[in-house]
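# Fold and geometry: a report
These are the residues of each chain, in order.
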Amino acid sequence: MRTGFEIELLAPAGSDRQALADALAARHSGRVVRSFHTDSEPSTVPGIGVFRHLSPAFDVVDGAGAPVARLVDDITLTDDLAGTTTRPGHRGWYRVLCDEPRLLRLVERHTDPGASLPDVLAPVAALFGASVELLGGAARVNDATGATVAVAMPLPAGRERPCEVVTPPLTTRHGRTLDALLAPARDLGFTVPAEAAVHLHVDGGPFRRAPALANLVRLFGHWREPLRAALGTNPACRRLAPLPADLVRLTDRDDLAWAELRETARAAGVTKYADVNLTQLVSAHPLRDTVEVRVLPGSLDAAEIVRRAALVEHLLLRCLDDEPVPRPGADAAHDPEGALRALAAVGAGR
């Protein structure tokens, strides 16, 4: 299976994710391209549920221009930043905030990630026939009615340290490739954050059939506890959750159709922030056509990551078999990894 990895790390105090990007570029005779990373967080402003934002990201390419890794923030990593004494705006870094996703996509399209904070919103202001207001270190653009389009604010103190290493899809030499990314991180003093996880992305296309999707739901629904025990899921990891109960119950039937499964998943409220992210699989217009497995624990050890990822891959291949994934037996409680390997071997032996 083609597999993309997302590995959550933490730069040492005084350093940042750009330091790792620079080290990786040097090792690959490449360069670093500044970009934006999109994320969201709960809002403290009355009447606004979520703020979406762009934060500093760094794309590393090799000498031929091929992608090596993308380094971004992860707002779920917070515990290690408690008591941060540095000032906001490390290296002049900032975030661009907006309360509407379509507007934020427009802002990202028309702004330069390398621009300084006072200048970054100038193209947005021109789009709206407005001017940029500078307010106490922040920059704001309002439209003609006074409604705020976007605000650029100094990066909160410490937010330069979280570093999610996002790989391109890998098909071979997974361990060697990951170690080439993680060895420089270890050398620079990067560590595994308290809430860390490793996420796996595999191609969604093969799972866009009723038997395969039903088996995915059965695996992560009925086998949730054995999976978490065998993989060593980090109990401090944020934004994990079981799949919706209505969706899991539906897979007890043996006459499932793709359209019904997809619509039930949508109606039940499948979310990215679950043990397995099925949102792109059931979306009519997927942005990234993958299934994302989110329950692997954080690590700086490539061999350890690959060992866990191999078990997940074998289980996902079992889900592609039309034979329904059974419920776990009694052995799954005392030997969860053994039970999961036996489950994966059933599909491999057909």
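Everything below is about the structure printed above this text.
The residue count restarts for each chain, going from 1 along the sequence in the order it is written. Reporting in this predicted model follows two pLDDT cut-offs: at least 70 for local features of residues, and 80 or more for side-chain atom pairs to be given and counted; totals over whole chains, interfaces and linings ignore these cut-offs and use all residues. Values shown for side chains rest on all heavy atoms present in the structure; no hydrogens or waters enter the calculation.

### Brief notes about the pattern of salt bridges
A side chain of one charge can pair with a side chain of the opposite charge if their charged atoms are brought near each other. Here a salt bridge means any side-chain nitrogen of Lys or Arg lying within 4 Å of a carboxyl oxygen belonging to Asp or Glu. Considering all chains together, one arrives at 26 salt bridges under this definition. Between R294 and E292 there is a salt bridge, and its shortest N-O distance comes to 3.2 Å. On the basis of relative accessibility, which here comes to 4%, the residue R294 falls in the buried class. Each of R224, E225, R228 and D275 takes part in a single network of salt bridges with overlapping partners. Think of it in three bands: with a 1.4 Å probe and only protein chains considered, a residue is buried below 20% of the maximum accessible area for its type, exposed above 50%, and partly exposed in between.

### Here's the deal with the state of the cysteines
By definition, disulfides here are pairs of cysteine sulfur atoms that lie within 2.5 Å. Taken as a whole, this structure holds zero disulfides when the rule is applied. Between C237, a free cysteine, and C163, which holds the nearest cysteine sulfur, the sulfur-to-sulfur gap is 16 Å. With a relative accessible area of 15%, C237 lands in the buried category.

### Quick look at the layout of surface pockets
In this structure, the largest pocket spans a volume of roughly 1200 Å³. The way it works is a 1 Å grid over only the protein atoms, where trapped points that fit a 1.4 Å probe form a cavity and open points with protein on both sides within 12 Å along at least five of seven lines form a pocket, and then any residue with an atom within 4 Å of a point lines it. Lining the largest pocket are 35 residues, and of these H37, T38, D39, K272 and R288 lie nearest its centre. No other element matches the five residues that strand β2 (residues 31-42) contributes to the lining of the largest pocket. Its residues assigned to classes, the lining of the largest pocket shows nine nonpolar, 10 polar and 16 charged. Grid points are joined across faces, edges and corners, and a volume is the space filled by probe spheres set on the points. Under the scheme used here, helices are H or I runs from DSSP no shorter than 4 residues and strands are E runs no shorter than 2 residues, and both carry numbers assigned from the N terminus. Under the scheme applied, nonpolar residues are Ala, Val, Leu, Ile, Met, Phe, Trp, Tyr, Cys and Pro; charged residues are Asp, Glu, Lys and Arg; polar residues are all the others, including Gly.

### Quick word on the environment of L200
The topology assignment puts L200 in strand β10 (residues 197-203). Distance in space between the C-alpha atoms of L200 and E292 is 5.5 Å, their sequence separation being 92 residues. It only takes one pair of heavy atoms within 4.5 Å for two residues to be counted as in contact. In contact with L200, other than residues within four places in its own chain, are T3, G4, F5, V291, E292, V293, L296, A309 and V312.

### Some words on helix α6 (residues 210-222)
When the terminal C-alpha atoms of α6 are compared, their 17 Å separation across 13 residues agrees well with the 18 Å that a helix rising 1.5 Å per residue should span. Burial of α6 is extensive: 11 of the 13 residues sit out of reach of the surface. Every buried residue of α6 is accounted for by A210, A212, L213, A214, N215, L216, V217, R218, L219, F220 and H222. One less than the number of residues in a helix, times 1.5 Å, gives the span that helix is expected to have.

### A short note on the packing of aromatic side chains
When the centres of two rings from Phe, Tyr and Trp lie within 6.5 Å, Trp using its six-membered ring, the rings pair. Their planes under 30 degrees apart give stacked, over 60 give edge-to-face, and anything left gives tilted. All told, the structure shown has one aromatic pair when counted by the stated rule. Where F58 meets W93, the ring centres are 5.3 Å apart and the plane angle is 40°; that geometry is what we call tilted. Taken together, the residues F58 in strand β3 (residues 50-61) and W93 in the loop between β4 (67-72) and β5 (94-98) connect sequence positions 35 residues apart. Just as F58 is buried, W93 falls in that class too. Both a distance and an angle decide whether a charge sits over a ring: NZ of Lys or CZ of Arg must be within 6 Å of the ring centre and within 35 degrees of the ring normal. Cation over ring: R239 sits above Y273, and NZ or CZ is 4.1 Å from the ring centre.

### Topic: the pairing of strand β1 (residues 3-10)
Here β1 lies mainly inside the structure; eight of its eight residues are buried. Being paired, for any two strands, means DSSP has found at least two bridges between them. Pairing geometry for β1 and strand β9 (residues 162-166), over five bridges, is antiparallel. Across the sheet, E8 pairs through a bridge with E164, a residue of β9.

By themselves, these figures tell us nothing about what the structure is for.
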